[in-house]
Amino acid sequence: MSISKAITKQRVIEHYLPATVIPVADSTDTLFAPSNIALCKYWGKRDAELNLPINSSLSISLAHLGSRTKISVCDSDQVWLNGSQIAANDKFAAKVIAFVDLFRRGADHCVKVETENNIPTAAGLASSASGFAALMLAVDRFYGLNLEPQVLSAFARMGSGSASRSLYEGFVEWQMGIREDGMDSVALPLDCRWDDLRIGLVKVSTAEKAVDSRSGMNRTVETAHLYQSWPLQAATDLERLHRAISDKNFTQLGETAEQNALSMHATMIASWPPLLYWQPDSVAAMQTIWQARADGVEVYFTMDAGPNIKLLFTADAEAAVKQRFPDLEVVAPFA
Ligand code: 2P0
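Residues numbered from 1 in each chain as written. Predicted model: local features only at pLDDT ≥ 70, side-chain atom pairs only at ≥ 80, totals over all residues. Heavy atoms only, no water.

**With respect to the environment of Glu-222**
- Along the chain, Glu-222 falls in helix H5 (residues 213-223).
- With 125 residues separating them along the chain, Glu-222 and Ile-97 place their C-alpha atoms 29 Å apart. (Helix = DSSP H or I, 4+ residues; strand = E, 2+ residues; numbered from the N terminus.)

Okay, structure coming up:
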């Protein structure tokens, strides 16, 4: 009886690469990938090695907010973030170099990876998504791979699941896929604009969170009985969001996104030890939003694995929303 080898990132990637890769230039130019906010969340994995999700998700990219990355040949492996070199034993630097290693495969050169984020790192504003997407674009350029967009999405996903969605602007669906090697678990852009849609970023805290989303997701799947209801909720919400987007029905978009986020948080709270990313100011912001709606201002919110709140509204409500959230950073995703 033969025992099939476990599928690893390395094996999947090797299948698509030439036998050896070498840098095609001393340095790439700077490659940009946007951050993204999920309206239907990715929460739970069917395969932790390849970051294959239990459900499909749908996001909107944050236009100019994201990561810029450049790779150069260097005497030693170095990782720089926002102008400062990161210690080689730092978790972030180790993840970046491990990702490059998937492509470099022991080849005889060292790299300097320089990344600039214009979003707060590790504050629930999804910097790992844009970070791995920009890194994937830089790796593709550095080694002259010219990979297809869907392959770039699948490989970026192996760095961080949500990075699969950060290869595109606008609305993006990450289809969960069914293949064991995950090559059908890729994101695709939706052919649809929504020019007056706005995202507002309410920064409750930019501190590093105690439980990262990867651990939080695993804990929820392993310990929360409530998680059983999540895949059905996500599938239903995905359909509703598709309809809301094609009909430009903002009420349906906002209601669905808000309920989806709160359902995901309900599964986190129901895990053990309990996982509550909310801070008092997060709850205060929710109450301000619900009061605004009661007063006739159409504003909804979504939240990720962190305390920050992201508002959804349309351009005509911007002044009223800013009155309630004076420090709001507003993004026009289709501008
Ligand atoms: C999302 N999140 O859809 C969900 C909602 C957080 C809550 O994708 O383990 O950093 O690297 O695949 O992509 C954050 O999870 O997790 C995330 P890994 P990732 O945006």
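Now, onward.
**Notes on the pairing of strand S7 (residues 110-117)**
- Every second residue of S7 is oriented toward a common face, the buried set being Val-111, Val-113, Thr-115 and Asn-117 and the non-buried set Cys-110, Lys-112, Glu-114 and Glu-116.
- Two strands pair when backbone bridges link them, and strand S4 (residues 57-74) and S7 are joined in this way by eight bridges, in the antiparallel orientation. Paired with Ser-67 across the two strands is Asn-117, which belongs to S7.
- Here four bridges tie strand S5 (residues 78-81) to S7, and the two strands are oriented parallel to one another. Bridging from a neighbouring strand, Leu-81 pairs with Thr-115 of S7. (Buried < 20%, exposed > 50% of the residue type's maximum accessible area, 1.4 Å probe, protein only. Pairing = 2+ DSSP bridges.)

**Considerations on helix H3 (residues 127-142)**
- The terminal C-alpha atoms of H3, which comprises 16 residues, lie 22 Å apart, in line with the 22 Å expected from a rise of 1.5 Å per residue.
- In the stretch just after H3, Gly-144 is the one whose phi turns positive, near 60 degrees. (Expected span 1.5 Å × (residues − 1).)

**Here we look at the site of the ligand**
- Residues in close proximity to the ligand total 17 residues, the closest being Tyr-42, Lys-45, Ser-160, Ser-162 and Arg-214.
- With respect to the ligand, the side chain of Lys-45 contributes an N or O atom lying 2.6 Å from an oxygen atom.
- Contact between the ligand and Ser-162: an oxygen atom at 2.7 Å from a side-chain N or O atom of the residue.
- Surface burial for the ligand is 94%, taken as the share of its 470 Å² of free accessible area covered by protein chains.
- Mapped onto the domain boundaries, the shell around the ligand takes at least three residues apiece from domain 1 (9-189) and domain 2 (197-331). (Near = heavy atom within 4 Å. Polar contact = N/O pair within 3.5 Å; in protein donor to acceptor, adjacent residues only side chain to side chain. Areas by Shrake-Rupley, 256 points an atom, 1.4 Å probe, with all protein chains shown as cover. Domains from an automatic or database assignment.)

**Some thoughts on the domain arrangement of the chain**
- What the domain assignment lists for the chain is domain 1 (9-189) and domain 2 (197-331).
- In this assembly, 31 residues from domain 1 lie in contact with 42 residues from domain 2.
- Taken together, both faces of the contact between domain 1 and domain 2 bury some 3,000 Å²; the carbon and sulfur share is 71%.
- At the boundary of domain 1 with domain 2, the tally comes to two salt bridges.
- Here Lys-91 ties to Asp-212 by a salt bridge, and the two come within 3.5 Å at their closest N and O atoms.
- Residue assignment for the side of domain 1 that touches domain 2 shows that the elements contributing at least two residues are strand S1 (31-40), S4 and strand S8 (171-174).
- With seven residues, the single largest contributor to the side of domain 1 that touches domain 2 is S4. (Contact = heavy atoms within 4.5 Å. Buried area = accessible area lost by both parts, 1.4 Å probe. Salt bridge = Lys/Arg side-chain N within 4 Å of Asp/Glu carboxyl O.)

**Remarks on the sheet that holds strand S11 (residues 300-302)**
- Strand order across the open sheet formed by four strands is S11-S12-S10-S13, with antiparallel pairing between neighbours. Each edge of the sheet is formed by a strand with only one pairing partner; in this case those strands are S11 and strand S13 (329-331). Strand-to-strand, the axes of this sheet are offset by a mean angle of 30 degrees, without reference to chain direction.
- Two elements, strand S10 (residues 197-202) and S13, share three bridges in a ladder whose sense is antiparallel. Each residue of the ladder has a partner; that of Gly-200, found in S13, is Val-330.
- Set on the sheet, helix H7 (residues 250-269) makes contact with S10, S11 and strand S12 (309-314); between it and S11 the angle comes to about 40 degrees. (Axes fitted to C-alpha atoms, helices over the stretch in contact; angles between N-to-C directions.)

**Quick look at the side chain of Asn-308**
- Within the secondary structure, Asn-308 sits in the loop between S11 and S12.
- On the basis of relative accessible area, Asn-308 is assigned to the buried category, the value being 2%.
- Side-chain polar atoms of Asn-308 contact the backbone nitrogen of Val-204, separated by 2.6 Å.
- Within the structure, the side chain of Asn-308 is placed 3.1 Å from the backbone nitrogen of Ser-205, a separation counted as a polar contact.

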